[in-house]
Every structure is written in structure tokens, then in C-alpha cells.
Amino acid sequence: MQFERATPGVTDAGRWARRISAGPVRQAILEAFMAPGSDVIERPVVAAETPSGPPARRWLVPLLLVVGWVLSVAWRMWWSRHIVLPIAHTDEDSYLNTARALAGGPGGFSSENDLLRRVGYPMLISPAFLGDRDFTDSYRIVQLINAMVNSTLLPLAYLFGRRLFQLRRSYALLGAVAAATLPATAFYAGVAMIDAVMAPLVVAWLLAVHRWITRPGPLAAATVGLLVGGFHLLHSRGLVIVAVHAGLVLLLFVRRRVSPPAVLAALLPVLAMALVNEAAIRYLGGKVYLLGSTPGGSMLEAIASAQGVARVSAAVTTQLWYLVVITFGMAGVAWAGAVRELWRPRHGDAARWTLGVALVVTVGVAGGASVILSGITGKPLDAIYGRYVQMLAPFWLLVGLGVLFTAGWRVVLRRAAVAVALLVGGGALVAARLAYVASQGHRLRYGGFSAPDLAALTGGWRELRPVVGSLVGIAACVLLVATVRVPRLRLPILGAVVVVNLVTMQMIDQRIVRPTAASTAPTPRVADVGVRPGERVWASTGVHYVLRFNLSHQVTWGDVRWFGDKQPPAVAQVVFARWAPGQADDWDGTAYGFVRLGGNPEQHWAAWRRA
């Protein structure tokens, strides 16, 4: 740039003064001098990107997101190719039986209870059971529905990074890929479980909250309310989100941030979704019968003592520590940044409200899940049951990356120090809990399908390894923090996070999914042993429950009831019973007028038809 050597005269000085006194130059100078000192010091300088450009360039990001979504769906379907029958019992069985009944087919059992019963997810997958098709085909359609919904996390995560942190397109895109490939989310696309749709819904809801705070209005409020109603329709953990939503609406109204019409717009959709849930339950009638017990006094008794409170606190700590580990330390960075944002906003007032809501929901879900699980006295305690908080992992990973890429070096170091402290302290508490339980002669195990990613990252396939988990989280956090000082490493390290996610999923497939699928799939198939459509089929409780459930799923034309006595009901035409040659509990159907069709003595089951 070449500067003029001549000094402006009086006329020139007047011209410069007029230019400064009006227009954007004056506004910029006033904002610079009137801004609080903390804002001047901490507010990051974000390189502005020109929204306009050649048409081909404007369409590049949407095209990449569409292609990424398609590839994401294909990857999830490829990953789940070995799962042809349910492997996560009894949750999958409950959802599938309810979905079949909603589609007009026969019913079945559900492990839910009256108080916490939800039909949103069965409604979503019910189209898979329309028409007359084999169960494995319906199950594949369920996986496809899961994959399509689960993969929407990719574009939602991109929008989140752009709107809340104004990240560069490249950072937002690769960060979204990292979030969308997290095993805590992607794993559930392959099984018929509600968790397949929860993580995208979390990001969509918090994006809507941010939009509502930015531009209050009835339409934005209704969008937030509809998404919150979706949580209530889907799962009981939505009760926490409904409570937080009600508190948010009340607080915004008291502070005169929203009008009465907006309050109604935010609350009425939640009520509507609750009514939809009740209407669907009424429609089902008795076709789906519940086997779960309603939470009651046992839950209160479990937390009424000092030991109970300590047990619940340990469970909450374990879940929060788990979130920090599986997000490579970014959840800890995000929590530190979110708490700071509450007192001194750096990304705007809307970001402060959004992150505050997310913090309350995280603690609420972890605490609520721990309290409810502690009240299930018939179930052994778990070392960790992280399934309920997994839906929050992609969100906090994105927030952590946003903090890294928009804050200064000293700020990032402080946030990272908090993450390391959480990893060290949390890992120590988890290790102390495991050691104490072991000293009492007991052993805590993983909850079923609750933390497969943690098992893969730490190599702890049979036992929880908190020290290794903390070290993994610290190492990953240090590498990500290094990108603040060396910006050219950001994209490669984000790419490395994606690779780690893909490798982790492959390890889960080899060590958990394939062995489980092979051991829980009855062979031969029900059709291959000669069971014919239309026959009334019953199953003996002597058959292992996993095999019993998967045998029953193949009977697509009727509800397979159970019998516990030696003699099956008179209405039974075909029965599945225990086949254990030489053992005392081997079932001899000839004594009751049945002829064996076939089965598998190694899996201890056989199909019998009344002669």
C-alpha cells in the first residue's frame, strides 16, 4: 500500500472529519472505544467470509452436506450389515412389537411400564411393518430409517458451528463429520433403539433455542416447543427436557423477553405431543402388554440413605467423566466455556442462554437416570450406564471445538486445564469406587450396550479401565489444544478424530456386534423347520430369553405368548421348547402329543407341532 506524503490542509482535514462523523467508520470507532475492556481483550477476531460469490461456490457447501448425508447413511447401513436380528434385548423387542401393532399387525410384549410408556419411536419405524414381509426385511427397513434420521446430525452440526461460533466453513464441515461419526451416536443406527434419533434431536432443539433467543416470535417458539414435545413423545428422559423447557419459558417471560402469544406457542406443542402419545396408547389397547414395573417406593428408598446418595453421586460422576473421555476432552472444555459464558458472554446473549440450557439438561439427565436405575432392585449395579447421556456427546464435542477455534491461547489453556482436572479427578473417583466394591467381594460390570466406545478406546472389553480412559482423554485433549497455536494442524487433527471414530466403530463391530449377533441368532430359521404362517405359536420360558425373543420375531403373523409349565396351553399348535439331550430340563413333547420339527440342540431349542 502506498501512502501520500503531502499533509492534508484545512480543507482536507474537514473532509476527513465529515467522513468519520457519519457512516460505518464512526460506528466502528465508537464501538471500539465504548466496548468493555474484557470484550476487547477476549473477543476473538473471526475472519469474515464473503457470503456472495460465484453460483458454483455458493452451492458447494449444500452439495457437500447432501453428499455427506448420503455417505453417512451408506456407512451406517454397511456397518450394521451383520445385525439381522435384534441384539439389544429387551428394548429392541419392545419397540419392534409396538411398531408392528401400530402398523396394524399383531402385538406383543413391552418391557415398559404405565408411567414411562412412550410410542414416538415405534411410530417412526412402524412403516417397516406395513405389508406382508419377512421380519429380516422389516428390520433392514428399520435400520434404514434409523440411518437416515441419525445422519441428519451432519448438516445440523454444521449449522451449529456456523451459527453459534461463526466457524470457518472448513472447520464447521470437518467438525460436523467428527460429531456425526462419534460411536456414541452412530452405534445405535444399527439397532432398533430410540437412541438412534436422540442426538440429532438434541442439536436441532438447541439450534432452535438459539434462534428463538436471537429472534423471538411465535414461529420460533412453536418450533422449540414442537422439538421438546418430540422428546416427550420419544422417551422418558424427555421429562427432564420438558421441565427445563418450562423453566426457560417462564424465565424468558418474567424477564419480558417473550410475549404471551410466544409462551403459548412454546407450550402448546408439548401438550399436543403428550396427547398424541396418549392417543396412540389408547389405539394400541391390549395388543401390547407391559411387563415393566412402575417406579415407586424402591426408587425413593435407594436414595433415602447416605449410602444411597453416595451411590447415585458416583453414578452421575461416572457418566459425566465418560462424556469427557469419549469427546476427547472437549466436553470438559465446553463445560468450562459454557459456565464462563453464563457470566461473561463472548458469543452473544443467545449463546449464553443456549449453553445454560444444555448444562442444566446434562446434569438433569445424568442425575435422573442414576436415580431411576438405583431404584431397580432386581438389577445388579453397573460400573457405568452411559446410554442416557450419550445423546449429548456430539453437542458438547461441537461446543468444545468452537471454544478452541474462537478463543485466545490463554483462554483455551484455562478451559483445557478444567478438562484435564475433570479427567483426572473423575477417573480417580471411578477407580476408587471400583476398588471399594471389589474389596466388598463384588464386581461392577458394563451396563448392557451402554459404553461400547469406552471399551474400544481403553481396551477394557471385560472391565472398566478408568485410568486408561483418563489418559486417552488427556492425550486427545492436548493434541486438539495444540491446534490453537498451530492453526494448520486443525484440519489434519480433526481428520484424525474422524479416523479414530471409524476405527472405534470397526473394533466395536468385531469385538461386540458380530459375536453377539452370531450367538443370539437362532439357527435354523423358523420357516426352515416347517413352521407355517397362521399357526398359533407359544414359547416355553425354558428357552433362553434372547433366543426366545428372536424366534418369536420370525413369527410375523401372530403374538407368541409364553408358558412356564411342562404342558403347553391347549390352543398352542406349535411350541418352542428347550432341547437339551441328556439333561433333566430337556422337554419331551411326545408326552403331550407333539412331534419335533427341528431345532438346534447346541442352542438348546426345538420347534414342536401338535400331532
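As the structure is a computational prediction, the values presented were derived from the model and not from experiment. (Residues numbered from 1 in each chain as written. Predicted model: local features only at pLDDT ≥ 70, side-chain atom pairs only at ≥ 80, totals over all residues. Heavy atoms only, no water.)

We now examine the overall build of the protein. Summing up its helical and strand segments, the protein has 25 helices and nine strands in all. Looking at the protein as a whole, 50% of its 611 residues qualify as buried. A total accessible area of about 27,800 Å² is found for the protein, and carbon and sulfur atoms account for 64% of it. (Helix = DSSP H or I, 4+ residues; strand = E, 2+ residues; numbered from the N terminus. Buried < 20%, exposed > 50% of the residue type's maximum accessible area, 1.4 Å probe, protein only. Areas by Shrake-Rupley, 256 points an atom, 1.4 Å probe, with all protein chains shown as cover.)

A surface patch of nonpolar side chains, amounting to about 400 Å² of accessible area, comprises Leu264, Leu268, Leu271 and Leu275. As for its position among the elements, leucine 264 is in helix 15 (residues 260–284). A relative accessible area of 51% means that leucine 264 is categorised as exposed. (Patch = residues over 30% accessible without salt bridge, like charges linked within 9 Å, V, L, I, M, F, W, Y side chains within 5 Å. Salt bridge = Lys/Arg side-chain N within 4 Å of Asp/Glu carboxyl O.)

Bringing the pairing of strand 9 (residues 605–610) into the picture now. Burial runs high along strand 9: five of the six residues are buried. One ladder, built from four bridges, connects strand 7 (residues 574–577) with strand 9; its direction is antiparallel. Bridge pairing in strand 9 places alanine 577 opposite alanine 606. Of the pairings in the sheet, the one linking strand 8 (residues 594–600) to strand 9 comprises six bridges and is antiparallel in character. From the neighbouring strand, glycine 599 faces strand 9, where its bridge partner is alanine 606. (Pairing = 2+ DSSP bridges.)

Our next topic: helix 17 (residues 306–326). Look at helix 17: 30 Å from first C-alpha to last across 21 residues, which is about the 30 Å you get at 1.5 Å a residue. Of all the positions in helix 17, only Gly308, Val312, Ala315, Val316, Thr318, Gln319, Trp321, Tyr322, Leu323, Val324, Val325 and Ile326 are classed as buried. Note on helix 17: the residue one or two positions beyond its end, phenylalanine 328, has a positive phi of about 60°. (Expected span 1.5 Å × (residues − 1).)

The next point concerns the packing of aromatic side chains. What the rule picks out here adds up to 19 aromatic pairs. Between phenylalanine 135 and tyrosine 139 the ring centres are 5.8 Å apart and the planes differ by 25°, which places this aromatic pair in the stacked class. Here tyrosine 139 and phenylalanine 135 lie together in helix 8 (residues 135–150), a separation of four residues that amounts to about one turn. Its relative accessible area of 5% is what places phenylalanine 135 among the buried residues. With relative accessibility at 1%, the residue tyrosine 139 sits in the buried group. Ring pairing ties together the aromatic residues Phe160, Phe165, Trp335, Phe395 and Trp396, which thus form one cluster. Just above the ring of tryptophan 409 sits the side chain of arginine 485; from NZ or CZ to the centre is 4.8 Å. (Phe/Tyr/Trp six-rings, centres within 6.5 Å; stacked < 30°, edge-to-face > 60°. Lys NZ or Arg CZ within 6 Å of the ring centre and 35° of its normal.)

The peptide bond linking histidine 89 to threonine 90 adopts the cis configuration, its omega dihedral lying at 5°. Mapped onto the fold, threonine 90 is located in the loop between helix 5 (60–79) and helix 6 (91–102). In this structure, proline 524 follows threonine 523 across a cis peptide bond, with omega equal to -5°. Here proline 524 is to be found in the loop between helix 24 (490–520) and strand 5 (537–540).

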